[in-house]
Amino acid sequence: MLTIRLLALAATALASPALAQEIPLGRLPETVRPTAYRLDLKVDPEQAEYSGHVEIDAEVVAATKAIFLHGLGLKVAKAEVVAGGRVMPVRYAEVDASGVARLDLPGAVPAGRVTLRFDYSTGFRDGAEGLFRAKVGGQYYAWTQMEPLDARRMFPGFDEPGFKLPFTISLTVPERLKAFANTPEVRAETKAGWTTHHFAPSKPLPTYLVAVGVGDFDVREAVIPANAVRKAPLAFRVIATKGQAPRMDTTLSEAPKIVGILEDYFGIPYPYEKLDFIASPVMGGAMENAGLIVYQDTLILLDKAAPPSQLRAFGTVVAHEVAHQWFGDLVTPAWWTDIWLNESFAEWMGNKAANRWRPDLGIAAGEVADAFFAMDTDSLGRGRPIRQPIARNDQVISAFDSITYLKGAQTVSMFEKFVGAEAFRKGVQLHLKRYAFRNATAEDFFASVGEASGNAALVPALRSFTDQTGVPLVTVRAEGSGLLLSQSRYLPLGVAADRMARRWQVPVCLARGSATACHLLSEGQQQVAAPAGAGPIVPNADGAGYYRFTLDSAGWDALIAGLASLPEREAMVAADSIWADFAAGRLDFARVLKAAEALAGHSGRLPSLQLAVKLADLANSLLAPADQAAYRAVMARLYTPRLMALGFDPAVGAQPGEGAGVTALRESLVPIVALEARDAGVRAALRAAAERYLAGDTAALAANFRRTALSVFVQDGGIAAADRLYAALKASQDPLLRSQAATALGRVEGDAVVAHVQGLALQDGLLSLERTNVLGNLAANRASRDATTAFVSANFTRVVESFPGFARAGIIDFFGGYCSPDAVARVEALIRPNLATLGGGELELAQTKERIGQCAALKAAKGSEISAALGR
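The structure contained in this document is the topic of the report that follows. (Residues numbered from 1 in each chain as written. Predicted model: local features only at pLDDT ≥ 70, side-chain atom pairs only at ≥ 80, totals over all residues. Heavy atoms only, no water.)

Notes on unusual backbone geometry
Across the junction of E147 and P148, the peptide omega takes the value 0°, indicating a cis bond. Looking at the element boundaries, P148 is found in the loop between strand 10 (139–145) and strand 11 (167–174). In this structure, F437 takes a positive phi of about 60° despite not being glycine. Its place among the elements puts F437 in the loop between helix 9 (421–434) and strand 22 (438–440). On the basis of relative accessible area, F437 is assigned to the partly exposed category, the value being 27%. (Helix = DSSP H or I, 4+ residues; strand = E, 2+ residues; numbered from the N terminus. Buried < 20%, exposed > 50% of the residue type's maximum accessible area, 1.4 Å probe, protein only.)

And the structure:
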């Protein structure tokens, strides 16, 4: 029998049939499927709000009295359903904080075609989510960022990647402003001070790729000529805030080359009618919106003397986002579970194409360094596989992490080598042609590549990396005249083994001099022949494999002795595995220092400094205060001579005619010598150059060294210097300088200066991305960490709103630098109550606590050993 409470609930359900339905916190019910959108927005970025009229054509699969869709923070003035010529007013309600909305109908709408119509208004966002705005040079501009779940902030709709539909957009804006969307403008009309811009209907798009831009932008146009793949010219524009046109030269000349490289690889013409790049100073990273890609302004606005680091970022990010126009836009995941394939492929393809564009920038080595970052995350006890089933909205944000981007990219790279570059390429082309302008799953991609390559072993081998967590550890031991390879899971100190049995199919390639031997390690252990050749064995040829390796003492000693002469990527994987063996408690710290010394003279930028970065992390986390002087002496001994040998003068043009590799090495050495070794002479030169630069002598300080020079300036100059730099930041229209100045403000030292800069960070003079830059750097610094985490906790909502919506869980990283067991509970208490505000972050919190525990375990096990080795 029914209790009184159950009878009451039943009565409520009968009175409001929609309430009987469970709110879908993941995929929407399949009762209604949209077929087309018409968006008409009235947008003035100077106002706090904008308004819209949206019509959605849809197919009702089965009669229903309620329709679930998405909307977040929308003030809907009118909602109605048109069915069979009948207009029905409906009630719109947002029923979950993740942006699930429901339409309650007065009666059941039958199966068949309907149109949903909405009139609404909502506010601009400050961070990069939905339709957001920022004030630049005294006027407001607006851009969009929809991925993953923020289209629902701009318009009501079915905000899932599987709903891939045509959009017809019009934008009504003040007549002095320009307006842009995914497709070309087809007409415009002006009336009473407002211009309505009408754009052509789009090819099928998911909601997360819809994009607009409104403002008094600078625009420069070019034409990308026809080529062997694309028979017609392509219209190309670069769009940015007022005054930025002179910084568009590099993008206008170099981006077309990258487009051509990608067209050549895919064998398919660029798939959309036009290509626009639009720059935003508050966009973190970039977004691959079809035909209208939005970038953080430092990525595509470059001065003529752009430093190598900025050119590398330009090349890799532009190639990544343009690659998405095929892989992600032309073919789109059916659901968020497979978003990893989008990002993994674009990350891999971005590196591949960018390296072909400018091989002298060291981009191929950077791909390996990215994989190490992913391995550090993947080595934690709490993690996620590359391909993680996603059931709820609050799980989506965690899919955009180093596992998806960086582990995924290295896995793609590893298996390209496994099946052969040309066979893999044919599989990619088959996949894109087969599913053009449709949705596809990872299973579809696997099938395409397996079919084209004719390699039946590919799919199960690939799955062993995509479907389980962890980093394989390949143990290499001499066995008779050959080698014994065995596999296990790599576990650093502080990470406990779980009960999951893991077995990978690892493509292990052994290098010895110029000789290479490859084996598929699919069992627990395998006997193999040693590669021919002379010299030490590197168990990861060309750094192509996603795994770490361990050797016996003799093997390590031989490898360390030969580090300086190894190829760049092999020296890097050797350095990574040396550090990993130390972090696991197997290798002594004295050998780590010996390896750092051997690598310091390596010809490659990244291998020469790889262990320097690890040593700096130690100093900023677990190193005892009494050991700091010894640490700085070691850093000075290892790296200052290299800088001096290259020559150092911070002035513009001081080293004319040298190659990009030398310039890049010097750029990377300067912060190590100035900020870690604390070399007095280098700091004095940088401080003097910064002083002259801020006084108006822009030739005194090259962009390569500005971030470090400004950091030294505020560290030595206190509050007065910080105020002076803050004023320069606010007055500047140079995106790179503003970013560098924000980083430098986050490196101040001393309690009073730190407190002062914290206050500056929340003032209106900084853009949202600059605010997170300042506070993130303060939190990363051991000396200012406690004060900054307390400050961020006290101002949590204000700080969170400065993050792009897709990156809000990144605030948890502010709390990740601690190295004591008691800090775990403190971080839990600070973050746990705020997870709802972040829209997720459960995994990120667990991993942050693990990192703290891992550091504490390393300190307990190796602290005395580190002190002794540094003091020798």
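So, next bit.
Considering the sheet that holds strand 24 (residues 482–489)
Read across the open sheet, the four strands follow the order 27-24-23-28; overall the sheet is mixed. The open sheet has two edge strands with one neighbour each: strand 27 (525–529) and strand 28 (548–550). Neighbour-to-neighbour, the strand axes of this sheet turn through a mean angle of 30°, independent of strand direction. Here strand 23 (residues 472–479) pairs with strand 24 via eight bridges, running antiparallel. When the bridges of strand 24 are listed, T475 appears paired with S486. (Pairing = 2+ DSSP bridges. Axes fitted to C-alpha atoms, helices over the stretch in contact; angles between N-to-C directions.)

Concerning the packing of helix 25 (residues 821–831) against helix 27 (residues 842–870)
Remark: helix 25 packs on helix 27, axes separated minimally by 8 Å, with the N-to-C direction vectors making an angle of 165°. With respect to their mutual orientation, helix 25 and helix 27 come out roughly antiparallel. Considering the relative orientation of helix 25 and helix 27, their crossing is right-handed. When helix 25 is examined against helix 27, the residues P821, A823, V824, V827, E828 and I831 are found in contact with a partner set consisting of L845, T848, K849, I852, G853 and A856. Class assignment of the residues belonging to the contact of helix 25 with helix 27 gives a composition of eight nonpolar, two polar and two charged. (Parallel < 35°, antiparallel > 145°, perpendicular 65-115°, else oblique. Left-handed = near helix turned anticlockwise from the far one by under 90°. Contact = heavy atoms within 4.5 Å. Nonpolar A, V, L, I, M, F, W, Y, C, P; charged D, E, K, R; others polar.)

Overview of helix 8 (residues 402–419)
For helix 8, built from 18 residues, the straight-helix expectation of 26 Å at 1.5 Å per residue is met to within 8% by its first-to-last C-alpha distance of 25 Å. At G408, helix 8 shows its maximal bend, which comes to roughly 25°. Of all 18 residues that make up helix 8, 15 are buried, and the element is covered over most of its length. Among the residues of helix 8, the N-terminal cap falls to D401, whose side-chain oxygen and the backbone nitrogen of I403 are separated by 3.2 Å. Within two residues after helix 8, G420 carries a phi angle of roughly 100°, on the positive side. (Expected span 1.5 Å × (residues − 1). Bend = angle between axes of the 7 residues up to and from the residue. Polar contact = N/O pair within 3.5 Å; in protein donor to acceptor, adjacent residues only side chain to side chain.)

Focus on the sheet that holds strand 16 (residues 218–224)
Paired through their backbone hydrogen bonds, the strands of a sheet run either parallel or antiparallel. Taken in spatial order, the five strands of this open sheet run 16-17-18-20-19, and their pairing is mixed. Of all strands in the sheet, those bounded by a partner on one side alone are strand 16 and strand 19 (286–287). Where strand 19 meets strand 20 (residues 292–296), two bridges bridge the pair, whose relative direction is antiparallel. Residue pairing across strands places A286 opposite Y295, the latter belonging to strand 20. Here helix 2 (residues 249–266) sits on the sheet in contact with strand 16, strand 17 (234–240) and strand 18 (274–280), set at roughly 140° to strand 17.

Here we look at the packing of helix 13 (residues 568–583) against helix 14 (residues 589–600)
Viewed as axis vectors pointing N to C, helix 13 and helix 14 meet at an angle of 165°, and their least axial separation amounts to 9 Å. Judged on the interaxial angle alone, helix 14 and helix 13 are roughly antiparallel. Here helix 13 and helix 14 pass one another in a crossing that is left-handed. Across from A571, A575, I578, W579 and F582 in helix 13, the residues of helix 14 making contact are F589, V592, A595 and L599.

Notes on the side chain of H320
Structurally, H320 is set in helix 4 (residues 308–324). Within the structure, the side chain of H320 is placed 3.2 Å from the side chain of E343, a separation counted as a polar contact. If we ignore the near neighbours within four places in the chain, the residues touching H320 are E343, A346, E347, G350 and Y405.

Observations regarding the side chain of Q429
With respect to the helices, strands and loops of the structure, Q429 is situated in helix 9. At a separation of 3.3 Å, a polar atom in the side chain of Q429 contacts the main-chain carbonyl oxygen of F266. Residue contacts for Q429: discarding those within four places in its chain leaves Y265, F266 and G267.

Re the packing of aromatic side chains
For the coordinates displayed, the defined rule picks out 37 aromatic pairs. For the pair F327 and F445, a centre-to-centre distance of 5.5 Å together with 85° between the ring planes defines the contact as edge-to-face. A residue pair is termed long-range when its members are at least 10 positions apart, and F327 in the loop between helix 4 and strand 21 (331–333) and F445 in helix 10 (residues 442–453) qualify at 118 residues. Exposure remark for F445: the relative accessible area of 3% places this residue in the buried category. Ring centres of W336 and F400 lie 6.4 Å apart, and the angle between their planes is 65°; on these two criteria the pair is classed as edge-to-face. Pair noted here: W336 is in the loop between strand 21 and helix 5 (339–357) and F400 is in the loop between helix 7 (393–396) and helix 8, with a separation of 64 residues, a long-range link. Taken individually, W336 and F400 each receive the classification buried, so the pair is uniform in this respect. Here the aromatic residues Y265, F266, Y270, Y272, W326, F327, F345, W348, F424, F437 and F445 are joined through ring pairs into a cluster of three or more. One cation-aromatic arrangement involves R548 over Y490; the distance from NZ or CZ to the ring centre is 5.1 Å. (Phe/Tyr/Trp six-rings, centres within 6.5 Å; stacked < 30°, edge-to-face > 60°. Lys NZ or Arg CZ within 6 Å of the ring centre and 35° of its normal.)

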